[in-house]
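Spelled out, the chains give:
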Amino acid sequence: MQKKLAAEFLGTFWLVFGGCGSAVLAAAFPEVGIGLVGVSLAFGLTVLTMAYAVGGISGGHFNPAVSVGMVVAGRMPTADLAGYVITQVVAAAAAGLLLYVIASGKADFAAGGFASNGYGVLSPGGYSLLAALLMEVVMTAFFLFVILAVTSPGAPAGFAPISIGLTLALIHLVSIPVTNTSVNPARSTGVALFAETAALGQLWLFWVAPIAGAALGALVWKGLLASRADPAGIVPAE
């Protein structure tokens, strides 16, 4: 279990630092910023790279909603859930802190939203709470469905991390304007702690909606494809 939690810490840290770091440091860099497409790709690449690097140890969740979905799908023991979630949140907070220290090294730095998630006035496009709720539930549900499907025995071997990373990139391409894309309560928590907005007051949504969506996606998968499932995690343990 210690090795699993260490793997989850590294993977979640990399996801938050790399994904949110791309938004804070590189998205709007004058003239050569990577923009929304670059941020979307960065989030996808963090999951892809760490799923290959440590997925064989912990299953490569890096996300409390994914861990909940795995429990609902019967592919992770309930007893392991608390340890995974606590580790993921601590890793996200550590990544957020390091990112804040680095970003504040710029003379005119202002944290602002600090890549946090939100609805209403905190939504990049000004979308409502209902719109944000629906987006997060639907996107997380599909994310879990894809994760469970591509890691089933009938899926092509060795390609699961690519599919999962590309799915997360696609999710960001669609939903950044609505919520700045969470689908991951740890990611939302790790940067909300350092935002200069009311992000902490809206954080509840980015726990409730992704977890509800993950459970929904897992239930849909169980109804359609569970007979083909392997009880292992995202990447079979070595």
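Rules used throughout
- Residues numbered from 1 in each chain as written.
- Predicted model: local features only at pLDDT ≥ 70, side-chain atom pairs only at ≥ 80, totals over all residues.
- Heavy atoms only, no water.
- Phe/Tyr/Trp six-rings, centres within 6.5 Å; stacked < 30°, edge-to-face > 60°.
- Helix = DSSP H or I, 4+ residues; strand = E, 2+ residues; numbered from the N terminus.
- Buried < 20%, exposed > 50% of the residue type's maximum accessible area, 1.4 Å probe, protein only.
- UniProt positions renumbered as here; feature names shortened; annotations may be inferred.

### Let's talk about the packing of aromatic side chains
Aromatic ring pairs are described here by two measures, namely the spacing of the ring centres and the angle between the planes.
Piece 1. Overall, the coordinates contain 7 aromatic pairs when judged by the stated rule.
Piece 2. The interplanar angle of 70° and the centroid separation of 5.8 Å between the aromatic rings of Y100 and F114 together place this pair among those described as edge-to-face. Of this pair, Y100 sits in helix α4 (residues 81-103) while F114 sits in the loop between α4 and α5 (129-150); the two residues are 14 residues apart in sequence, bridging distant segments of the chain.
Piece 3. A relative accessible area of 4% means that F114 is categorised as buried.
Piece 4. Ring-pair connections join several aromatic residues into one group, and the members of that group are Y100, F109, F114 and F194.

### Details of the UniProt feature "transmembrane region" (unreviewed entry) in the chain
Piece 1. Under the present numbering, the feature "transmembrane region" (unreviewed entry) in UniProt falls on residues 36-60, 81-103, 127-150, 157-178 and 198-221.
Piece 2. As a span, residues 36-60 carries 92% helix and 0% strand, and end to end its C-alpha atoms are 25 Å apart.
Piece 3. Summarising residues 127-150: 92% helix, 0% strand, and an end-to-end C-alpha distance of 32 Å.

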